[in-house]
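Structural overview for review
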Amino acid sequence: MIRPHSSTEYWTRWRTQAARNRSSRQAMEKRYDPNEVELKWQRIWEEQKSFRAAENGRLPKYYVLEMFPYPSGRIHMGHVRNYSIGDVVARYKRMKGLNVLHPMGWDAFGLPAENAAIERGVHPESWTRENILYMKTQLKRLGFSYDWEREVATCSPDYYRWNQWIFLQLYKRGLAYKKSSAVNWCPSCQTVLANEQVIDGACWRCDSAVAQKELEQWFFRTTAYAEELLRDIDRLEGWPEKVRIMQRNWIGKSIGAEILFPFAGREGGLTIFTTRQDTVYGATFVSLAVEHPLALELARGTPQEQAVEEFVDRIKQTSQSRRGEEGMEKEGVFTGAYCKNPFTGETIPIYLANFVLMEYGTGAVMAVPAHDQRDFEFAKKCGLLIRVVIQPKDRTLAADRMTEAYVDDGVMVESGPFTGLSSGAGKENIAAYLEEKGWGKKDIRFRLRDWGISRQRYWGTPIPILYCARCGVVPVPEADLPVELPRHVPFTGKGGSPLVESRAFLETACARCGGAARRETDTMDTFVDSSWYFLRYVSSDFDQAPFDSKSAAYWMPVDQYIGGVEHAVLHLLYARFFTKALRDLKLVKVDEPFANLLTQGMVCKETYRCGRHDWLLPTDLLGSEQEGWRCPQCDGPVEKGRVEKMSKSKKNIIDPEDLIARYGADTARLFTLFAAPPEKDLEWSDQGVEGAYRFLTRLWRFVSQHGEALAAARSDVPKKDLPAPLRELRRLTHRTIKKVTEDMEERFHFNAAIAAVMELFNAVGQAAREEAAWQEGGGVVRESLKTILVLLYPFVPHLVSELWTEIASEKSLDETGWPAYAEKVIEPERLLIVVQVDGRVRGKITVPGDASGESIEAEALRDSRVTSFLQGRKIQRIVQVPRRLVNIVLEG
RNA sequence: GCGAAAGUGGCGGAAUUGGUAGACGCGCAGGAUUCAGGAUCCUGUGGGCUAACACCCGUGGGGGUUCAAUUCCCCCCUUUCGCACCA
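Position numbers for residues start from 1 in each chain and track the written sequence from start to end. Working convention: letters from A go to chains and numbers from 1 go to ligands, in the order in which they are written. Only residues with pLDDT of at least 70 get local features here, since the model is predicted, and only at 80 or more are side-chain atom pairs given and counted; chain-wide, interface and lining totals rely on the full set of residues. Only hydrogens and water are set aside; all other atoms, that is, all heavy atoms of the structure, feed into the side-chain values.

1. A short note on the side chain of Asp-450
Worth spelling out the cut-off: Only DSSP runs of H or I reaching four residues or more are called helices, and only runs of E reaching two or more are called strands; each is numbered from the N terminus. Working definition: with a 1.4 Å probe on protein chains only, accessible area under 20% of the residue-type maximum means buried, over 50% means exposed, and in between means partly exposed. His is not counted here, nor are the chain ends, while Lys and Arg score as positive and Asp and Glu score as negative. Salt bridges are identified by distance alone: a Lys or Arg side-chain nitrogen within 4 Å of an Asp or Glu carboxyl oxygen. A 3.5 Å cut-off defines polar contacts: any pair of N or O atoms within that distance qualifies, except that in protein one atom must be a possible hydrogen donor and the other a possible acceptor, and neighbouring residues in sequence count only when both atoms are side-chain atoms. Contacts are assigned to residue pairs with any non-hydrogen atoms lying within 4.5 Å of each other.
Here Asp-450 is to be found in the loop between β18 (440-446) and β19 (451-452). Despite its burial, Asp-450 pairs with no opposite charge, the nearest such side chain being Arg-221 at 4.2 Å. A distance of 2.5 Å separates the side chain of Asp-450 from the side chain of Tyr-177, its partner in a polar contact. For Asp-450, the side chain forms a polar contact with the main-chain nitrogen of Thr-222, separated by 3.2 Å. If we ignore the near neighbours within four places in the chain, the residues touching Asp-450 are Tyr-177, Phe-219, Phe-220, Arg-221, Thr-222 and Thr-223.

In structure tokens, the structure reads:
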């Protein structure tokens, strides 16, 4: 196969070629045309179905998943980055011999499609389908190695019927239920607004003030899993600490107690929740939320009645978001009613306060002004009693001299039988005492709320519920699924959900009694769709259940999940909730869906801004970098703004399509992977892109210049008697394999991996310029270059595939797999030892690889630069780091 | 306010079981090639002081531990992100 080929022959030819190159380089070389190369390989991969995944029990599996996109119309740089990272992982793991599942799909329900319908009269479905088609060609053009046969689109009835099916299972188990809850309501558009449609408390479309409106809505009982969701965070070792903390905070577990404060002068009492039962002797009043069911009732018949009514009305009108604002002043009103502190026996007043939340705890709190900052401020304002019941260790508090609450732990005082206990012991003892006395009990509360999934929208999954005048709430029988969205509905943007207007959809027969029934017109939150799509991929055409449990048993969990931090809480928490619920339905075995999570940073770019005309496109600017930019509209000075996340409004976006047209997908991928490590923000740089492109061009040129020689070179490298520079090149080659493998494996240090390959390529280039490199037949150069190509394959697969066919005849890239390195080759013959005197580098010596510590020390002491520092000084001791460093420590 | 992450040349970033700080890329400078420009190739490039060597300084600031600190500990500053009346 290999033609005999002497080095002289090669050199003669090389020289003539070089000479010819000088006269007509263009004609000589095949130019690097990324477009041609990339389309060619994309076609080949498609034809050969290279990335199809199939279950194979004999092979270890690897499931790598990137967060699927919303089909907004075009992909953006954030997608390119996210999916490039995922593709590197997928291709790398495949080369390592793992059976890789790498799917892609579409988070296809959502508001923008409905807006397009309202604004431009396009049906949400057509709009979405067209966007999907376009974006799919964009993703294919980037060469991502997806198994497209598993593609899912959540707006397809084949998909959302399983949303409905899961809903019914949850409903059966009481995990889906209905309750009254507030929504944002625009009184002018007569419609419900999503949170993102409320801007500064006003409707985004008509700018009128948004009100709160109570509606009956569907919920998933996420709180049923609160404890497990919290506990299992500890097991998610492959997740960023940041995300784990965010989830913990979101779930917000508080351990405390419920205490009943009986009313004074009437039956019953108020149940409060506290985490500081050790301060109960300092509770000098009780505060209620204005929404508390007893708020008005307690005031009835008292002189306070009118004041309370006014207060409640006023506070309720301020929206939730306003109420949470910083510096919101503590306000309250006395209800006119009293209760008893069961511990002190004192009669204490009941107030309403604007800072007490009905949604948390019981909507009632015992107020301990000395040891809670809010209560302190409130008590100061209303002139209420402040009593110190916890003393810090290092000083003594006096109520009348306090300027703020003391909220830390300490020793209990003035606390009856509990006086003298520490806060910790007090909490335990008081909780026990409560149960003994029947005044209350130990209690745990979560900040986590149940998940409201109802949306008064069209473009989402219809909730499979019927309302029958006779039977009440009736779930749609599984056999009748899917409940499909009616196609023809009016999109006006006014009134309720368009589904309400569709009689064909709305009016139906009761599944139980056959009588007239009405369908639920709410659709599901799109987070429902994305809470289990990773399971659908394992068997995306399965029609007996959401997914085939056997396939899930093979593929789950997702080994590596990759996406933006913006989903750190909601999406990831809901997906965890679904996984646990589906596990309890015996559909899946895993407790957690994502074993490892990588949250990639944002793609940023510098911005330009004019004082009068705001953000400007860099291409519109007048002037220059040196003499300063000027505004094209007013000729005023333009300040080079900060580096910000790419966004249309800041006019600092780069369209991936333009980038690909100019440089190709490989350059786009290489740059995004090289410019920063995946988890950090990436600062876009046009010059950096040029640099990446230049590197690829250099690689291309090297192969076209040396291709023939390399193809003909000996592939069996003679292990012995290599000239020193070639031994060195081999060593670097193997060292690079080791480094890149570690960078890929451990922390996805792709930028460092690429840098190492570039370094190797620089060395190859240098070696190849020497005639000596070809004397042994070019085998070492060939091995090094092949290594470069293989190591680069996950990053720039098109270019590498093309070059590989040029130089490597014997095996395909797929068969070759990820290279191994030999420790023995890496082992250097001579070691470079740094010699320090008193910790400062004073000399460098080289010693044989097997030199003993003593001989290294002796050598170090002989070094002339070192000895000049030893003149007239006494050596105190010598520290040696084997094979690396000698530090000579002097006395004095 | 609480929590987290980060701060290294002109720029993006390397290096952390403590052991040559600045890999790799960009930019810049010089050279080769070219009629010229571009492209390409080669060389240099933290700062100070030098003719050069040498030496000194240097990883946000200050202190500490150590033979040795970008890396570990304490204090402070700055930036970014998340949470923010959760009783």
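Having seen the structure, we can now continue with the description.
2. Looking at the packing of aromatic side chains
The geometry of an aromatic ring pair is captured by the separation of the ring centres together with the interplanar angle, meaning the angle of the planes. Rule in force here: Stacked, tilted and edge-to-face are the three classes assigned to paired rings of Phe, Tyr and Trp, where Trp is represented by its six-membered ring and a pair needs centres within 6.5 Å; plane angles under 30 degrees give stacked, over 60 edge-to-face, the rest tilted. A ring is scored as having a charge over it whenever the NZ atom of a lysine or the CZ atom of an arginine sits within 6 Å of its centre and within 35 degrees of its normal.
In the structure shown here, the tally under the stated rule is 54 aromatic pairs. Between Phe-748 and Phe-750, the aromatic rings sit 5.6 Å apart at their centres with planes inclined by 40°, giving tilted as the arrangement. The exposure classification of Phe-748 matches that of Phe-750, with both residues buried. Taken together through their ring pairs, the aromatic side chains of Phe-167, Tyr-171, Trp-218, Phe-220, Tyr-225, Trp-451, Phe-527, Tyr-574, Phe-577 and Phe-578 make up a single cluster. Geometry around Phe-505 places Arg-519 over its ring, the cationic atom sitting 5.7 Å from the centre.

3. A look at the sheet that holds strand β1 (residues 61-66)
Put simply, the test is: Strands qualify as paired when DSSP identifies two bridges or more between them. Lines fitted to the C-alpha atoms define the axes, with helices restricted to the stretch that makes contact. Angles between their N-to-C directions range from 0 to 180 degrees.
Taken together, the four strands give an open sheet; going across it, the order is β2-β1-β26-β27, and neighbouring strands pair in parallel fashion. If you trace the sheet from one side to the other, it starts and ends with β2 (99-101) and β27 (597-600), each paired once. Strand-to-strand twist in this sheet, taken as the mean axis angle between neighbours without regard to direction, amounts to 20°. Taken together, the three bridges between β1 and β2 define a ladder with parallel strand orientation. Across the sheet, the residue bridging to Lys-61 is Asn-99, located in β2.

4. Overview of the state of the cysteines
Stated precisely, the cut-off is as follows: Any cysteine sulfur atom paired with another within 2.5 Å is treated as part of a disulfide.
Taken as a whole, this structure holds zero disulfides when the rule is applied. Here Cys-339 stays free of any disulfide, with the sulfur of Cys-382 as its closest cysteine sulfur at 16 Å. Given the relative accessible area of 0%, Cys-339 is considered buried. For the unlinked cysteine Cys-510, the closest cysteine sulfur is that of Cys-468, found at 3.7 Å. Residue class for Cys-510 comes out buried when judged on its relative accessible area of 4%.

5. Remarks on the side chain of Glu-592
Counting through the fold element by element, Glu-592 comes out in the loop between α18 (570-584) and β27. You can call Glu-592 buried: its relative accessible area is 9%. Of note is the side chain of Glu-592, whose polar atom sits 2.8 Å from the side chain of Arg-576. A polar contact of 3.0 Å, which involves the side chain of Glu-592, links it to the side chain of Lys-580. Apart from residues lying up to four places away in sequence, Glu-592 is in contact with Asp-232, Leu-236, Pro-557, Arg-576, Thr-579 and Lys-580.

6. Things to note about the packing of helix α2 (residues 34-47) against helix α26 (residues 797-807)
Cut-off, in case you're wondering: By definition in this entry, angles of less than 35 degrees are roughly parallel, angles greater than 145 are roughly antiparallel, angles of 65 to 115 are roughly perpendicular, and the rest are oblique. When residues are grouped by polarity, Ala, Val, Leu, Ile, Met, Phe, Trp, Tyr, Cys and Pro land in nonpolar, Asp, Glu, Lys and Arg in charged, and all others, Gly among them, in polar.
Where α2 contacts α26, the axes come no closer than 9 Å and their chain directions differ by 90°. Accordingly, the angle class assigned to the pair α2 and α26 is roughly perpendicular. Between α2, through Val-37, Glu-38, Lys-40, Trp-41, Gln-42 and Trp-45, and α26, the contact on the second element is made entirely by Pro-797, His-798, Leu-799, Ser-801, Glu-802 and Thr-805. Residue composition of the contact of α2 with α26, by class: five nonpolar, four polar and three charged.

7. What to know about the confidence of the model for chain A
Counted only if it meets this: Per-residue confidence from the predictor is reported as pLDDT, a score between 0 and 100.
Mean pLDDT over chain A works out to 89, with 95% of the residues at or above the 70 mark. Across the predicted assembly, pTM comes out at 0.92 and ipTM at 0.96.

8. Details of the protein's contact with RNA strand B
Worth spelling out the cut-off: Any residue with at least one heavy atom within 4 Å of a molecule or strand is counted as near it.
Surrounding RNA strand B, one finds 56 residues, the nearest of these being Ser-254, Thr-275, Tyr-360, Arg-374 and Asn-887. Taken together, the sugar and phosphate atoms account for 66% of what RNA strand B places within 4 Å of the protein. For RNA strand B, a sugar or linking oxygen lies 3.5 Å from a polar atom in the side chain of Gln-687. Top contributing element to the surface near RNA strand B by residue count: helix α23 (residues 750-769), with seven residues. Looking at the surface near RNA strand B, its residues break down into 22 nonpolar, 12 polar and 22 charged.

9. Some points on the sheet that holds strand β23 (residues 507-509)
Strand order in the open sheet formed by four strands is β22-β21-β24-β23, and the pairing between neighbours is antiparallel. Both outer strands of the open sheet, β22 (472-475) and β23, are each paired with one neighbouring strand and no more. The sheet shows a mean angle of 40° between the axes of neighbouring strands, direction not considered.

10. What about the nonpolar core?
Rules: We call a set of buried Ala, Val, Leu, Ile, Met, Phe, Trp, Tyr and Cys residues a nonpolar core when their side-chain atoms join them within 4.5 Å.
Residues Tyr-63, Phe-167, Phe-220, Phe-534, Leu-582, Trp-684 and Phe-795 are the most contacted members of the largest nonpolar core, which totals 181 residues. Contacts of Phe-220, omitting those with residues within four sequence positions, involve Phe-167, Leu-170, Leu-175, Ala-176, Asp-450, Trp-451, Ile-453, Val-528, Phe-577 and Phe-578. With 54 residues, the next largest nonpolar core counts Tyr-281, Val-333, Ala-337 and Leu-384 among its residues.

11. A look at the pattern of salt bridges
Applying the stated criterion across every chain, the model contains 56 salt bridges. Here Asp-147 and Arg-150 are joined by a salt bridge, their closest N and O atoms 3.0 Å apart. As a salt-bridge pair, Arg-862 and Glu-859 come within 2.8 Å of each other at their nearest N and O atoms. Residue Arg-862 and its partner Glu-859 are located together in helix α29 (residues 853-862), separated by three residues, close to a single helical turn. Since its relative accessible area comes to 29%, Glu-859 is described here as partly exposed.

12. A few points about the pairing of strand β24 (residues 516-519)
Alternating residues of β24 divide into Ala-517 and Arg-519, all buried, and Ala-516 and Arg-518, none buried. Across three bridges, the pairing between strand β21 (residues 465-468) and β24 is antiparallel. The partner of Leu-466 across the bridge, within β24, is Arg-519. A loop of six residues connects β23 with β24, the two strands running antiparallel in sequence, and Gly-514 in this loop sits at a positive phi of about 80°.

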